[in-house]
Every structure is written in C-alpha cells, then in structure tokens.
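An overview of the molecular structure
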Amino acid sequence: MDIFTMLRSGLLLSFFCTFLLASASAFPSTENQSSVISDNQIQALADKSQWAHLLHVRLHPFSRKIISQNDSDNFFLAADGKTNPEAEMAADIAAFSLTEQAPDVSAQCQFPARYFWLKQQLPLNTFVDQPCPKFEKWRDDLEANSLTLIFPASHINSPSSMYGHTLVRMDRADPSRSKLLAYSVNFAANADPTDNELVFSYKGLTGGYPGVVSVMPYYEKTNQYQHMEYRDTWEYPLNFTPDEVAQFVRHIWETQDTYFDYFFFDENCSYRLLALLDASSERANLADQFVLKAVPVDTIRALEQQNLIAGYEYRPSAATELEFMATQADGEVVDRAKQLVESDDSVDDVLVGLSPLEQAQALELGHAYARYLSVKKKKASPELRKRTIAILSARSKLETGSPFTSVPMPDVRDDQGHKTQRARLTLGQSDEQPFVQLSWRAAYHEILDLPKGFVPGSQIQMGEIDIRDGGNHDLQLQRFLLVDVLSLSHRTRFQRPVAWGVSAGMDRYAAGNSELFTYLNVGFGRAHKLGDGRIYGLAQIELKADNQFEDGIQASIGPRLGWLYQGQTYQQQFEFNWQPATLGDDTIRRQLLLQQGVGVADNLQLRLAFKRQWAEAQAINEADISAVWYF
C-alpha cells in the first residue's frame, strides 16, 4: 500500500468518526432525555387547565388559593402536590421516566391518564412504557366505547336523593349487548350504615364523609334506583369520542382508590362526575361553573350548553309502571289484583267472573303489586313469594297478549323545568304599612313555583333571604330560610305515602314592630288528589325561640290544612294553620294564606298573596304582588 492510499484511508476514517459524533450529539440518549425538560417547560405545562383537571385542582372560593379537591395522600407523588401542580408535574415526569419497573408497580400504572396526557404534550420525550397487566385487564373487561349520563330523578323521601342523582354508564360498542351488563361509574358518600338520617344530613352538609369513586355493574344501580327507591330514570348519551372515553377510563382507574371529602351542596355526586369528565376531554370545562352548589339538573344543563349531550331516553320506575297500569283497568280489576296478593283465596277463585282480558289485567297488576311490596319490605316473605309464583303460573296459561300499554315519555324532562336559583321583587302592604322586599334563594323548588319538570306536591327550598324596606329606608332582614322540605305525595290504591314537612330558619310576624325569632316546624299527615288539585292535612309541631315570647320560647301543635293546584300556567294554594295547644308562651296563633301564581315564561312568574295572622283576637293583614325570576 503506497503512502497516498494510506493518507486517503486515514482521511475517510476521520470523516466517518466525525459524522458519527455529530449524529450522536443530534440525538441525546433516552436515559438523559427527561433531564433536558426545562423548568419553563414544566411550568408552562403545569399552567394548562387540563393538568389542573387531572389533579382536580380548583381555586378555593374562600381562601382564593389553588388546591386539589382530592384528599388522599396517594393521589400525589410530590410532598406538596396537593397545592403545587408544578411540583407534582416534575415528580410525575421523573417517575414516568423510570425504566425496567416490575409489572403493576410503576407510576405509569398508578396514573395512566396523567402519563398518557404527558406523552402527548412531550412528543420528543422517549418515555418507555412499563408493564401494567392489572390495569390493562381491568380496562379490557370494561369494554368502554361510549358514555351515557344516568339521572335517577329526585326522591323527596330520601335525604341523600332529594335533588336527584347522576352517574355515568360505560357502554360497549356492540348495541345488541344488554346495557344492564355494562359498567357504571358512581360517586357517593361512604356513609356509616349505623348513622341515622339526622346524622347523615349533618355529615353530608359539613364534609363529614369521604366521597369515593366506584365502578360496578349497571344493573346493580338500576335495581337500587328504579326498584328500591322507585325513581324514574333519564339517560343522556354523551358526545365523547372513543379517545376521550379511553382517557375517562384511565382517569377512573387512578381515582377509584382515593377519596374526596363529600359535601351535599357543592362537591356532591353530580359535581364530581363533571370533574371526572373535565379530566377526560380537552373540550369539557364543566365543574368550574359550580362554586357553592351543584344541583344535578343544573349539571345536565351545563353539559347541554357545551354540546356534550347527544340525546335522551326515559325509563319509568316500577312504581310508575304500576300506577300507569292501574289507570288502564277499572276499579273491580284493581281490587281483584290486590286480592290476588293480600288474600289466601286461590287464584282461580279470585278471577271468577272476569273476562280473559280482565283476568290478564288482574294477574299482571297483581304481579307488579307483589314486586312493589317485596321492595318496600326489602325482602319477599315466603307467603308473598308463593303467591307471586301462583300469579305468574296463572298468567302463563292465558293466551291473551299484554293488556297494558307502556308508560309514555313525559312531555317535559326534569332538566327542562325552571332554573334552581330564584330572585323575587315584592311590593306590598303589611299592617297598613307599604313595603318593598327583595329575596334570593339558593335552591331549589317551592310548591307554588312553576311546576313543569318537578315532582308534583314536592318542595325543597334551601338558603332563602328576604330583605325588606318598610318605608322608612331602614333595611331589615325579614326572613332567613335555612331549609323547607314538604312532601304532599298523594295516596293511591296501591301506595300509601305519608305527607310530611320540616322547615327551619328565622322569621318575623306580619306586625311592623315584630322581632326576628328562630323556628323549627315539623309535621306529618296525609294528602289526597281532588280533581286536578290535592288536599292535605298535617299535624304540625312548631318550636319558636326569642325574648318576645314568655320564658323565651313557645312550643305548639295544631292542624295545617290546605288545598294545592299546580297547573302549567296557573298555580294556587289555600292554607290554614292553627296552633291551639301551647307550651311556654301561651299565645294562640292562627294564619290564613292565599297565593296565586301565573307563569309568564319558562323562568318568570307573577304572584299575588294575601296573609292574615291572628295572635289571640288581634289580627293583622298582609297583601303583596311579586315578580319571580328563576336563574
């Protein structure tokens, strides 16, 4: 080899080594890649709203500081991750960059939604996927392809369900498969089963229970709400893409073993589901609209406003089906249906004299009634089970098709009723003194409010304040309503609900010089349909406390009688309350109340009212006209 050949080979080798070095400098090693993410990049990513949604970080309404609403330490990798999204991101990136981790132990397996989102935000970063077989099996078992919001309607006789409830069903791609076998996502207070309703209400209002995200077969929830609590259900398919559904599933995995303090008014079932949806889609920004309260129907409206609802479907409860069936049969058939369940007579003897169609009606009604009784008693007795089998056996021998039509979809959905906050401007005269009054109510519905979309005869009011100017330009607190719940569910041939009411707050009598007093009223009785209205009567106990009463207190009991009409345009209420039996202050008080409402628009009502109050023989009148606006 001559010297020129050697020099040329040396030059070529030198050029090749220089090329390799340059190439290596252009592609840093995977091992060091995470270290080149600058603090500015981390801060910019941590400031994105989607990262806040994934951490459930919100601006606290009182402290005005950002903080995660998740209260589990294991939801964060950084020591201050609950209050520092930037530190949590840095800790997550470092943990996600670790390699050669054992199956199911890596941070990627613990927080798959965060990991997936960060991979999208840092496409040049060469994260190495770690094995997560437990998560992958759980995800594959769900087979989630689309999401449906489920709204079991309000159930006034259950403190935890007065406003209704929402959950999310994860539907499969195959439409032929039963939706009952799909899985659902629910958020609820993990309450102590030994707590009574009073303790439950107190803890639910004050954050005394941990709220947990759970995944369970949908049929379990269907049984609970549709049968046990006898609640109609609305289903709202959501406009979420398959990729957003997949991210929803990932996020449920990372939250289901954690907890959030549960608050009945704001951080409740409906609010938390919105926050879970926010974390799953860049298009969703729902939970931030609800700061101090989250009523389920309002959360449905929020989804509609952001075009995230694709449609709706109605599913009547067992009680609704039972009562609708009864409207299609005459009284004799209804009596025979009850006799089939309640008596010891043989099925054949009970059906004597009925036509084949009437027999089919009686048998199907009897079966529906037996199911109602078993649910009401929480379990079927051996006698009831035996009667049910005999009824079904007799029905199977009849060749007659179904004698009943299905329950029609209501004309108005629950979310189409009036909005839940209310402002009211009142002009009136009390004890010959004119006044102007401004009122605001946080939630939710009064029996004289516009009725469409609400349960007839039900009332749930919370947080109402009346400020009055009595003509001398001195504003005063006229009334503060803490809570006012009234259930005037009427009796039917099959159901015998108890009418009841409870209210608490501060109020004044109609006299111009009356002082504020605190009160607690509790009543029980009955309500009955009368034409298009309903009559009701309650035995009401009233407790009042203030120094205007002798010994500072008055306890009394007496009848509360009334008539209520809830038409779509006109609403009327006549009520008389008499408290003849007293303890403490012995002043006997009576009150007559007449109210007339006129619906002007979906969220606007005009109202006239007349009230006459007696303290012994002394009487004072108050009359007013008001404009009511729902928002």
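These figures come from a predicted structure and were not determined experimentally.

Overall, antiparallel pairing links the 7 strands, which are arranged 8-6-5-4-3-7-9 in an open sheet. The open sheet is flanked by strand 8 (260-262) and strand 9 (313-315), the only strands paired with a single partner. On average, each strand axis in the sheet is tilted by 30° relative to the strand beside it, whichever way the strands run. When strand 7 (residues 233-237) meets strand 9, the two strands line up antiparallel, connected through 3 bridges. What sits directly across from tryptophan 234, in strand 9, is tyrosine 314. Contacts from helix 9 (residues 197-206) reach strand 6 (209-217) and strand 8 within the one sheet, and its direction differs from that of strand 6 by about 100°.

With that settled, consider the pattern of salt bridges. In total, this model carries 38 salt bridges according to the counting rule given. The partner of aspartate 140 in a salt bridge is arginine 139, and the shortest N-O contact between them spans 3.2 Å. Looking at aspartate 140, the relative accessible area reads 46%, which means it is partly exposed. Assessed through its relative accessible area of 36%, arginine 139 is described here as partly exposed.

It is worth spelling out a nonpolar patch on the surface at this point. Where nonpolar side chains cluster on the molecular surface, the patch consists of Leu425, Leu427, Val436, Leu438, Leu608 and Ile625 and spans about 540 Å² of accessible area. Taken together, the elements giving at least two residues each to the nonpolar patch come down to strand 10 (422-430) and strand 11 (433-445). Inspection of the secondary structure puts valine 436 in strand 11.

The next point concerns the nonpolar core. Membership of the largest hydrophobic core comes to 56 residues, with the highest contact counts inside it found for Leu147, Val185, Phe248 and Leu303. In this structure, Ala319, Val341, Tyr369 and Leu373 belong to the second largest nonpolar core, which totals 30 residues.

Another aspect to go through is the confidence of the model for the protein chain. Looking at the protein chain as a whole, its pLDDT mean stands at 90, while 92% of the residues score no less than 70. Confidence drops under a pLDDT of 50 for residues 1-35, and excluding neighbours within four residues, the segment shows 9 contacts in the predicted structure.

Attention now goes to the pairing of strand 22 (residues 618-630). Of the strand pairs in this sheet, strand 10 and strand 22 are connected by 9 bridges, and their pairing is antiparallel. Bridge pairing in strand 22 links arginine 422 to tyrosine 630. Bridge count between strand 21 (residues 604-615) and strand 22: 12 bridges; the pairing is antiparallel. Across the sheet, the residue bridging to glutamine 613 is isoleucine 620, located in strand 22. Taking the residues between adjacent antiparallel strands as the criterion, strand 21 and strand 22 are bridged by 2 residues, where glutamate 616 takes a positive phi near 60°.

Let's shift gears to helix 18 (residues 382-396). Helix length check: helix 18 (15 residues) gives 21 Å between terminal C-alpha atoms against 21 Å at 1.5 Å per residue, within 8%. For helix 18, the full list of buried residues reads Leu384, Arg387, Thr388, Ile391, Ala394 and Arg395. For helix 18, the buried positions fall inside an angular range of 130° around the axis, keeping them on one side. Away from its buried face, by an angle of more than 90 degrees, helix 18 presents the exposed residues Pro382, Lys386, Ile389 and Ser396. Where the residues of helix 18 are buried, they touch helix 15 (331-342), helix 16 (347-350) and helix 17 (356-376).

Along helix 7 (residues 112-121), the residues that are buried comprise Pro112, Ala113, Arg114, Tyr115, Trp117 and Leu118. Looking at the buried positions of helix 7, the neighbouring elements they touch are helix 3 (39-46), helix 4 (49-55), helix 5 (85-96), helix 6 (107-110), helix 8 (133-142) and helix 11 (242-255).

On to unusual backbone geometry. Of note, the amide linkage connecting alanine 443 to tyrosine 444 takes the cis form, showing an omega dihedral of 20°. Its location among the elements puts tyrosine 444 in strand 11. The backbone of aspartate 431 sits at a positive phi, close to 55°, despite the residue not being glycine. Inspection of the secondary structure puts aspartate 431 in the loop between strand 10 and strand 11. Look at aspartate 431 and you get partly exposed, because its relative accessible area is 40%. We note that glutamate 616 has phi near 60°; this positive angle belongs to a residue other than glycine. Looking at the secondary structure, you find glutamate 616 in the loop between strand 21 and strand 22.

Parameters at a glance
Per-chain numbering applies: the sequence of each chain, read as written, is numbered from 1 onward. The predicted nature of this model means local features are confined to residues of pLDDT at least 70 and side-chain atom pairs, given and counted, to a pLDDT of 80 or more, with totals for whole chains, interfaces and linings taken over all residues. Only hydrogens and water are set aside; all other atoms, that is, all heavy atoms of the structure, feed into the side-chain values. We treat two strands as partners when DSSP finds at least two bridges between them. Each helix corresponds to a stretch of at least 4 residues labelled H or I by DSSP, and each strand to a stretch of at least 2 residues labelled E; elements are numbered beginning at the N terminus. Angles here are taken between N-to-C directions and fall from 0 to 180 degrees, while the axes themselves are lines fitted to C-alpha atoms, restricted in helices to the stretch in contact. Working rule for contacts: check all heavy atoms of both residues, and any pair within 4.5 Å makes them a contact. Any Lys or Arg side-chain nitrogen found within 4 Å of a carboxyl oxygen on Asp or Glu counts as a salt bridge. We call a residue buried when its accessible area falls under 20% of the maximum for its residue type, exposed when it is over 50%, and partly exposed in between, using a 1.4 Å probe and counting protein chains only. Patch membership is restricted to residues that have no salt bridge and whose relative accessible area is over 30%. Joining uses 9 Å for like charges and 5 Å for the nonpolar side chains Val, Leu, Ile, Met, Phe, Trp and Tyr. Throughout, the Shrake-Rupley method with a 1.4 Å probe supplies accessible areas, and for residues the shown protein chains are the sole cover considered. As used here, the term nonpolar core means buried Ala, Val, Leu, Ile, Met, Phe, Trp, Tyr and Cys residues forming a set that is joined through side-chain atoms within 4.5 Å. A score from 0 to 100, pLDDT tells how confident the predictor is in each residue. Take the number of residues in a helix, subtract one, and multiply by 1.5 Å to get its expected span. The directions from the helix axis to the C-beta atoms are what the arc is built from.

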